[in-house]
Amino acid sequence: MSDGRAERIAEFVEPLRVEPGSRVDLERDFDPRYKSGMKKREGVELLRIGVSLLAEYQTRLAAQDTYGVVLCLQALDAGGKDGTIRHVMSGVNPQGVRVSSFKVPSAEELDHDYLWRYAQRLPARGEIAIFNRSHYEEVLVVRVHPEFLLRQHLPEHGPGRGVGDDIWDRRYREINRWERHLTDNGFKVVKVFLNLSKEEQRIRFLKRIDLPEKNWKFSAADVRERSRWDDYQKAFSEMLSATSTRWAPWYVVPADRKWFARICAAAVLAHTLMEIDPQYPDVPPEVRKDLLVAKRGLEQEAPAGAPSDPYAARHPSSEQAGPHGGKKRGKRKKRRKHG
Ligand code: ATP
Ligand code: MG
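Attention in this report is confined to the structure presented alongside it. (Residues numbered from 1 in each chain as written. Chains lettered and ligands numbered in written order. Predicted model: local features only at pLDDT ≥ 70, side-chain atom pairs only at ≥ 80, totals over all residues. Heavy atoms only, no water.)

**Focus on the site of ligand 1**
Going by this rule: In this text, near means that some heavy atom of the residue lies within 4 Å of the molecule or strand in question. Whenever a nitrogen or oxygen atom comes within 3.5 Å of another N or O atom, the pair is scored as a polar contact, on the condition that within protein one atom can donate a hydrogen and the other can accept it, and that pairs from neighbouring residues in sequence are kept only if both atoms are in side chains. Put simply, DSSP H or I for four residues or longer makes a helix, DSSP E for two residues or longer makes a strand, and each gets a number counted from the N terminus. In this classification, the charged set is Asp, Glu, Lys and Arg, the nonpolar set is Ala, Val, Leu, Ile, Met, Phe, Trp, Tyr, Cys and Pro, and all remaining amino acids, among them Gly, are polar.
Near ligand 1 lie 15 residues; those nearest to it are K81, K103, R117, R133 and E138. Measuring from an oxygen atom of ligand 1, one finds a side-chain N or O atom of R133 at 2.6 Å. Side-chain polar atom of E138 to a nitrogen atom of ligand 1: 2.9 Å apart, as the coordinates give it. If you list the elements that add at least two residues to the shell around ligand 1, you get α4 (81-88), α6 (116-119) and α7 (141-144). The class makeup of the residues in the shell around ligand 1 is 7 nonpolar, no polar and 8 charged.

The structure is reproduced here in structure tokens:
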């Protein structure tokens with residue numbers, strides 16, 4: 001892409017990415033109030049660009065039918081997952097996107113290996129899947145509440161047998177391998193953590209209690225989980241350290257300002273699609289020949305006085321342009337490392 005949008009987005013998301021192999025301490029390394037020196041007005045403009053880019057790239061992703069994308073969204077309660085999904089997806093074709101929300105697993109889900117239910121919701125080629133919570137719950141809520149593990153019918157962690165610490169390292173490894181397998185087979189995995197401060201969560205909870213129309217969003221369980229704040233911060237830090245990989249990186253998005261979080265999430269997804277750089281498929285010459293035969297037939301059906309091909313009459317360059325309407329196909333650009 002030659003108009004600088006791709007570069008702008010790449011630079012914007014760079015500071016949010018967790019460097020593979022680095023040791024993350026969430027509270028020390030990431031500020032939930034960070035906004036990149038941006039004013040809200042500029043942010044709205046950038047979100048507009050991001051959303052239009054998403055729409056354009058999604059169309060190409062679907063046309064090429066080779067790659068799929070999984071966007072995993074993780075956050076603590078009131079982190080803004082729902083609003084982010086709504087805004088990020090506002091410009092895309094709903095036919096190409098599938099949103100899946102993962103709650104407490106059902107009995108059927110618990111009767112399978114822990115990745116099973118997430119695998120059921122993977123995208124087809126050409127599609128974007130958004131995971132509202134994801135397989136990362138298996139090393140987050142399950143880690144903070146190891147009693148959940150006992151319900152998972154694991155051979156080595158059944159009732160009365162306790163939970164060894166090695167299970168989390170094993171799960172990180174298994175998740176990394178699974179994501180590697182998906183990536184190698186054309187399914188790009190990208191992960192966004194909406195990083196909310198404890199004070200902002202308190203404010204949002206209170207608002208949900210104060211406004212009757214928001215009461216449905218609040219549950220007593222939310223306050224119970226909040227009391228485990230430090231355990232969650234630790235679980236998030238370890239998860240980010242262990243599972244941000246070259247092939248499936250984590251982005252930590254500052255979430256205290258909703259408008260900024262939405263821009264970041266849109267930018268991360270746009271950046272992922274730009275890295276894939278999907279192309280409209282080439283039509284083979286013999287198919288192109290058939291198209292031209294059909295064209296002549298349609299032209300002959302033109303009513304008296306009408307141009308034989310109204311579109312070509314209005315766009316004189318399109319007729320010679322071939323299958324891509326005269327647009328040069330973008331070469332895959334090497335990503336420029338920022339910093
Ligand atoms: P909302 O923003 O509407 O509150 P939510 O994603 O928090 O959305 P809830 O129904 O409130 O949805 O909560 C879902 C709950 O399911 C969360 O507390 C989450 O931790 C829990 N959960 C998700 N995956 C698992 C899992 N694998 N094992 C146990 N609990 C899980
Ligand atoms: Mg909830």
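Here the narrative resumes, following the displayed structure.
**With respect to the side chain of D222**
Under the convention used in this document: Burial classification: accessible surface area is computed with a 1.4 Å probe over protein chains only, and a residue below 20% of its type maximum counts as buried, one above 50% as exposed, and the rest as partly exposed. The sign given to each residue is positive for Lys and Arg and negative for Asp and Glu; His and the chain ends receive no count. Whenever a carboxyl oxygen of Asp or Glu lies within 4 Å of a side-chain nitrogen of Lys or Arg, that contact is scored as a salt bridge. Whether two residues are in contact is decided by their heavy atoms, any of which lying within 4.5 Å being enough.
Residue placement: D222 occurs in helix α11 (residues 220-226). One buried charged residue, D222, forms no salt bridge at all, with the nearest opposite charge on R208 at 4.6 Å. Dropping the residues within four chain positions of it, D222 is found in contact with D77, F205 and K217.

**Remarks on a positive patch on the surface**
Our working definition: Only residues whose relative accessible area exceeds 30% and that form no salt bridge enter a patch; like-charged residues are grouped when within 9 Å of one another, and nonpolar side chains (Val, Leu, Ile, Met, Phe, Trp, Tyr) when within 5 Å. Here the accessible surface of atoms and residues is derived via Shrake-Rupley with a 1.4 Å probe, and residues count as covered only by protein chains that are part of the display. Just so you know, the charge point we use is NZ for Lys, CZ for Arg, CG for Asp and CD for Glu.
There is a patch of like positive charges on the surface, built from R86, K207, K217 and K258. Mapping K207 onto the fold places it in helix α10 (residues 198-210).

**Regarding the sheet that holds strand β2 (residues 97-101)**
What counts is decided by this rule: What makes two strands pair is DSSP finding at least two bridges between them. Comment: axis = line fitted to C-alpha atoms, over the contacting stretch for helices; angle = value between 0 and 180 degrees taken between N-to-C directions.
Taken in spatial order, the 5 strands of this open sheet run β2-β3-β1-β4-β5, and their pairing is parallel. In this open sheet, the two strands that pair with only one neighbour each are β2 and β5 (250-254). Along the sheet, successive strands turn relative to each other by an average axial angle of 20°, direction set aside.

**Let's talk about the state of the cysteines**
Put simply, the test is: Any pair of cysteine sulfurs within 2.5 Å is marked as a disulfide.
Per the stated rule, a full pass over the model turns up 0 disulfides. In this model C72 remains outside any disulfide bridge; the closest cysteine sulfur is found in C264, 17 Å from its own. Its relative accessible area of 0% is what places C72 among the buried residues.

**Let's talk about the pairing of β5**
Counting buried residues in β5 gives 5 out of 5 residues, a clear majority hidden from the surface. A two-sided burial pattern is seen for β5, the buried positions comprising W250, V252 and P254 on one face and Y251 and V253 on the other. Where strand β4 (residues 187-195) meets β5, 5 bridges bridge the pair, whose relative direction is parallel. Directly across from V192, in β5, lies its bridge partner Y251.

**Let's talk about a nonpolar patch on the surface**
Taken together, V283, V287 and L291 make up a surface patch of nonpolar side chains, about 200 Å² in accessible area. Residue placement: V283 occurs in the loop between α13 (258-276) and α14 (285-300). Note on V283: relative accessible area 32%, which makes it partly exposed.

**As for the environment of R133**
By the secondary structure assignment, R133 is in the loop between β3 (128-132) and α7. Contact partners of R133, with chain neighbours within four places excluded, come to L73, Q74, A75, D77, K81, S100 and F102. Reaching out from R133, the side chain makes a polar contact with the side chain of D77 at a distance of 3.2 Å.

**Overview of the packing of aromatic side chains**
Note the following rule: Centres within 6.5 Å make a pair out of two Phe, Tyr or Trp rings, where for Trp the six-membered ring is used; the pair is then stacked when the planes are under 30 degrees apart, edge-to-face when over 60, and tilted otherwise. Cation placement over rings: the criterion is NZ of Lys or CZ of Arg within 6 Å of the ring centroid and within 35° of the ring normal.
Taken as a whole, this structure holds 9 aromatic pairs when the rule is applied. Taken together, a centroid distance of 4.6 Å and an interplanar angle of 55° make the contact between F102 and Y118 tilted. Of this pair, F102 sits in the loop between β2 and α5 (107-110) while Y118 sits in helix α6, placing them 16 residues apart in sequence. Both residues of the pair, F102 and Y118, belong to the buried class. Here a set of aromatic residues connected by ring pairs shows up, and it is made of F12, Y34, W259 and F260. For the cation-ring pair, R60 lies above Y57, with the distance from its terminal atom to the ring centre recorded as 4.6 Å. Positioned over the ring face of W247 is R180, at 4.9 Å from the centre of the ring.

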